[in-house]
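Examination of the molecular architecture
So you can see what is in the structure, the chains are spelled out below.
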Amino acid sequence: MKLFFRVKCSYMFVLVCIFFSLSCTDQESPDNTEGLAVLRVSVGNDAAQEVSTKATFNESGIYNLHVLVYNGSGNLIGHGYSNTGNSVTLTTRVGTGNTVYAIANTYNSTLFDGFVATSELKLKTLLSSTSTLEGIKVSDSSTSGLVMSGSKSNVTISSSGTTISSSDFAISRLSAKITLNITGLNGIVITGYAIKNLPKKGYIVARPNTNESLVTDLAVGDDASSTSTDRFDTSVTGLSTSSYATSFYMYENRRGGRVNVSGTTGTSTNEREKVTYAPTGSTYVDISAKGTTFSSVYRVYLGADNSQNYSVKRNVNYTYNITLKGAMSYDTRVTTSILVTPTAVSASNCYMLTPGSAIRIPVSRANSAISGSIPDVTKNWDADLLWTDNSAGLASNGVIENIVADYSNGGIIVKAGTAEGNALVVVKNLSGTILWSWHIWVTSYNPNSTGKTYTLNGYTWMDRNLGAKNATIGSVGAFGFFYQWGRKDPFPGPNANTAGNGNIITLYDRYGNALVRNSTGLKVEAVTNTVANYLQKSINNPLTFYAGVSGNDTDWYSYNAGTHNDYLWSTSSGTKNIYDPCPIGWRAPYATASTLWSGLSQSWDYTYLGQNWGATLGWWPAAGHPSGTDYAFAVGSGFFWTAQFSGTKGCYLDFYPVSPPDVTWTYGGGNMVRSLGASERCVKE
């Protein structure tokens with residue numbers, strides 16, 4: 001489950017419906033300094049705060065107020081209370097260097113009676129607490145306010161009286177507000193959530209870190225809930241919805257930044273590692289969800305960022321926009337259960353799936369080509385859908401319904417949707433580099449059983465091009481895809497069966513967004529002398545068409561003259577090799593054109609542009625052949641690669657009309673530069 005979230009922090013509000021745990025030890029009396037004076041105190045909200053419109057009560061209202069005054073020695077010299085509004089008038093002592101504290105919305109006029117707060121030290125140890133989440137939530141009432149506190153230092157109280165205005169005395173909330181906006185895409189249903197490690201109590205007076213005002217502060221805070229007995233979990237709230245929003249309030253839980261695990265704190269910017277390096281007691285939310293092929297629990301650790309900050313501070317509003325998009329990432333935040341039983345398949349670069357079926361592809365294929373690409377097939381890789389030719393994207397009514405990383409078996413589970421078509425599934429490292437890719441051909445055509453095949457010159461042929469949606473004469477769906485000689489990955493074919501310069505079909509990402517040529521889609525890139533050979537780059541960039549240069553006979557494999565690889569689709573002994581583009585049991589034909597197509601007559605269909613060999617070899621559309629330098633092509637000629645080579649070139653079949661209704665076609669050992677694009681038709685191994 002690939003799930004993504006963003007954190008937005010703005011300074012904000014605090015707690016409600018809480019009770020105070022107060023204790024008194026030594027009895028102390030107020031200071032007896034001569035000289036009484038009147039102190040008038042009005043308080044206001046923290047000026048930097050932003051009020052949420054989703055509050056269940058008035059988060060900014062001040063409804064009752066305690067004011068406590070301490071002299072320079074930290075002794076209580078005055079205390080007043082008002083049960084209405086934000087102002088208190090009290091009698092206190094004349095003097096300088098005083099500190100004034102304000103605590104609002106306690107709804108308890110006798111809270112500070114006696115000796116519980118006769119010194120600043122005692123005040124700073126007093127706790128506000130609750131044992132259940134319901135104690136933090138409050139009813140929807142305009143007269144229910146959040147507990148707030150604040151202080152103003154170096155206050156001079158004169159004999160004539162002193163007034164502190166609300167514009168000069170801002171108080172802030174004891175708690176943080178957490179807002180969760182959860183969305184499930186691609187048919188994912190949110191089934192519930194639970195909140196873990198909520199603090200049971202908090203200090204009434206803040207104990208800030210040196211950099212407390214900085215969102216990026218990673219220092220561990222001096223919080224009241226420092227042990228496991230000081231925290232609690234909520235029960236699971238059951239849901240059945242594709243989107244859900246909720247807010248709750250909690251005491252501060254400043255756990256700081258990542259902790260060291262096995263001598264490392266990982267990569268600070270890697271969001272997937274946040275669970276691995278979480279400090280003990282950090283607050284998190286477990287979100288459960290399911291699709292048709294998987295069920296998952298996604299763990300969201302709270303904090304000021306997605307990757308390394310675990311601190312939840314008082315008076316801050318945290319908003320988490322969490323989008324659940326699939327179950328396909330190697331991600332310590334996600335625990336996934338597979339709900340389908342896939343068919344395990346052997347290594348290949350192309351798989352034919354019937355609609356609705358599921359397979360498990362071994363990712364070890366990447367190591368067969370480039371040793372060490374995936375050091376451990378059970379972890380540290382990711383899976384994704386690079387493109388599909390269906391605008392539904394990753395969806396039940398698309399070509400691919402879902403992709404699930406099955407780490408325990410070292411494979412990628414691919415579940416086909418109801419639509420026939422094509423897709424490219426990739427495995428990546430955690431930095432996002434593609435390590436291998438697989439062409440998924442979803443089709444009801446099965447050449448291994450009931451599907452039509454043809455036999456000619458000892459070879460059994462499919463009745464359609466590789467990746468074709470059908471074998472219908474004149475249909476755009478019969479074109480299939482283009483391939484560079486020796487490369488395993490398909491490139492988009494024509495979008496219309498009209499003679500002349502051709503435009504390619506549209507490819508889409510997993511969300512149904514159209515890919516843009518030379519941006520997110522097909523790219524054409526010339527080889528340069530800065531790369532020894534382009535084999536590795538061709539694996540890493542399966543949508544990049546590498547244009548060759550004349551100095552190396554226009555081979556995509558390298559810029560350097562004389563640097564070629566003749567054994568990509570076939571081995572030196574002529575067997576199917578690691579980069580062959582055909583499905584299991586099939587391969588690119590390995591022979592000269594004269595051997596493969598000898599005995600065929602000219603059967604050009606000028607109306608529908610292609611060779612119609614009927615019962616002998618079926619319909620062969622004239623899709624054209626993209627230039628090896630710029631991917632320009634013209635529909636109206638047919639060009640098909642074989643796995644055979646001749647010198648520095650690849651061997652092919654080529655046909656095209658000279659003048660209607662005649663056609664010239666080549667089968668006697670034709671060869672062409674290897675960076676050229678061409679159609680492919682597979683033969684049985």
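Up top you'll find the structure we're talking about.
These notes cover the structure that comes with them. (Residues numbered from 1 in each chain as written. Predicted model: local features only at pLDDT ≥ 70, side-chain atom pairs only at ≥ 80, totals over all residues. Heavy atoms only, no water.)

1. Regarding the nonpolar core
Condition: In this description, a nonpolar core means a group of buried Ala, Val, Leu, Ile, Met, Phe, Trp, Tyr and Cys residues linked to one another through side-chain atoms lying within 4.5 Å. Categorising residues by exposure relies on relative accessible area from a 1.4 Å probe, with only protein chains included: less than 20% of the type maximum marks a residue as buried, more than 50% marks it as exposed, and the intermediate range marks it as partly exposed. Contacts: residue pairs with any heavy atoms within 4.5 Å of one another.
W381, I400, I412, V414, V427, W438 and I440 are the most contacted members of the largest nonpolar core, which has 64 residues in total. Apart from the residues within four sequence positions on either side, V414 is in contact with L353, S357, A358, I359, I361, I400, N402, V425 and I440. Counting residues in hydrophobic clusters, the runner-up holds 31 residues, among them I195, F248, M250 and A289.

2. Describing the pattern of salt bridges
For clarity, the threshold we go by: By definition, a salt bridge exists where a carboxyl oxygen of Asp or Glu is found within 4 Å of a side-chain nitrogen of Lys or Arg. The secondary structure listing takes helices from DSSP runs of H or I that are at least 4 residues long and strands from runs of E that are at least 2 residues long, numbered from the N terminus.
Inspection of every chain in the model, using the stated rule, returns 21 salt bridges. Across the pair R314 and E252 runs a salt bridge, and its minimum N-O distance is 3.1 Å. Residue R314 is located in the loop between β23 (311–312) and β24 (316–324), and its partner E252 is located in the loop between β19 (243–251) and β20 (253–254); the two are separated by 62 residues in the primary sequence. The pair R314 / E252 is uniform in exposure class, with both members buried. Across the pair R299 and D286 runs a salt bridge whose closest N-O atoms are separated by 2.8 Å. Taken as a pair, R299 in strand β22 (residues 294–301) and D286 in strand β21 (residues 284–290) lie far apart in primary sequence, 13 residues in all. Residue classification places D286 among the buried positions, given a relative accessible area of 11%. In the salt-bridge network here, residues are joined through shared partners; they are E212, D223, E252, R254, R255 and R314.

3. Remarks on the state of the cysteines
Just so we agree on the cut-off: By definition, disulfides here are pairs of cysteine sulfur atoms that lie within 2.5 Å.
A full pass over the atoms with the stated rule returns one disulfide. Here C582 connects covalently by a disulfide to C682, the sulfurs 2.1 Å from one another. With the S-S dihedral at roughly -90°, the linkage between C582 and C682 falls on the left-handed side. Of this pair, C582 sits in the loop between β39 (544–547) and β40 (586–587) while C682 sits in the loop between β49 (677–678) and β50 (683–684); the two residues are 100 residues apart in sequence, bridging distant segments of the chain. Overall, C682 belongs to the buried group, its relative accessible area being 0%. A disulfide-free cysteine, C350 has its sulfur positioned 7.0 Å from the sulfur of C682, the nearest such atom.

4. Quick word on the sheet that holds strand β3 (residues 36–42)
Condition: We treat two strands as partners when DSSP finds at least two bridges between them. Lines fitted to C-alpha atoms define the axes, with helix axes restricted to the stretch in contact, and inter-axis angles between N-to-C directions lie between 0 and 180 degrees.
Judged by pairing direction, the sheet is mixed, and its three strands sit side by side in the order β7-β3-β11 without closing on themselves. Pairing within the sheet leaves two strands with one partner each, and these edge strands are β7 (87–93) and β11 (162–164). Geometrically, the sheet is characterised by an average inter-axis angle of 20° between neighbouring strands, direction not taken into account.

5. Description of the pairing of strand β29 (residues 382–388)
Remember that side chains alternate between the two faces of the sheet whenever the strand is regular. With six of seven residues buried, β29 lies mostly within the body of the structure. As judged from the six bridges shared by β29 and strand β32 (residues 421–428), these two strands associate in the antiparallel manner. Pairing of D384 across the sheet is with V426, part of β32.

6. Here's the deal with the side chain of N197
Selection criterion: Pairing of N or O atoms within 3.5 Å defines a polar contact, subject to two protein rules: one partner must be a possible hydrogen donor and the other a possible acceptor, and residues neighboring in sequence count only if both atoms are side-chain atoms.
When you line up the elements, N197 lands in the loop between β14 (189–196) and β15 (198–199). Engagement of the side chain of N197 in a polar contact is seen with the backbone oxygen of S282, the distance being 2.9 Å. Those residues in contact with N197 that sit more than four places away from it in its chain are R231, F232, D233, N253, G281, S282, T283 and Y284.

7. Some details on the environment of R258
Residue position: R258 is located in the loop between β20 and β21. Taking the relative accessible area as the measure of exposure, R258 reaches 14% and is therefore buried. Not counting the four nearest positions on each side in its chain, R258 is found in contact with T265, G266, T267, S268, N270, E273, K274, Y277, S307, Q308 and Y310. A distance of 2.8 Å separates a polar atom in the side chain of R258 from the backbone oxygen of T265. Among the polar contacts made by the side chain of R258, one reaches the main-chain carbonyl oxygen of T267 at a distance of 2.9 Å.

8. Looking at the sheet that holds strand β31 (residues 411–416)
One open sheet accounts for four strands, arranged β26-β28-β31-β30; its pairing is mixed. Edge strands, defined here as strands with exactly one partner in the open sheet, are β26 (343–344) and β30 (400–406). Here five bridges tie strand β28 (residues 358–362) to β31, and the two strands are oriented antiparallel to one another. What sits directly across from I361, in β31, is I412.

9. Digging into the environment of T642
Relative to the elements of secondary structure, T642 occurs in strand β45 (residues 638–646). Separated by 37 residues in sequence, T642 and S679 have C-alpha atoms that sit 9.8 Å apart. A distance of 3.1 Å separates a polar atom in the side chain of T642 from the backbone nitrogen of Q644.

10. A look at the packing of aromatic side chains
Basically, it comes down to this: Any two of the Phe, Tyr and Trp rings considered here, Trp counted by its six-membered ring, make a pair once their centres fall within 6.5 Å; the pair's planes then place it as stacked at under 30 degrees, edge-to-face at over 60, or tilted in between. A positively charged side chain is recorded as over a ring if its NZ (Lys) or CZ (Arg) lies within 6 Å of the ring centre. The angle to the ring normal must also be within 35 degrees.
Taken as a whole and assessed by the stated rule, the structure comprises 27 aromatic pairs. Taking the centre distance of 5.7 Å and the plane angle of 90° together, the rings of Y567 and F645 count as edge-to-face. Taken as a pair, Y567 in the loop between β39 and β40 and F645 in strand β45 lie far apart in primary sequence, 78 residues in all. Residue F645 is classed as partly exposed on the basis of its relative accessible area, which comes to 22%. Each member of the aromatic cluster is reached from another via a ring pair, and the members are W461, W597, W604, W613, W620, F640 and F655. Above the face of the Y310 ring, K274 is positioned so that its terminal group lies 5.2 Å from the ring centre. It is R487 that lies over the ring of W556; its NZ or CZ is 5.7 Å from the centre.

11. Quick word on unusual backbone geometry
We note that N105 has phi near 65°; this positive angle belongs to a residue other than glycine. Mapped onto the fold, N105 is located in the loop between β8 (95–104) and α1 (120–123). Even without glycine at this site, N380 takes up a positive phi of about 60°. The topology assignment puts N380 in the loop between α2 (365–369) and β29.

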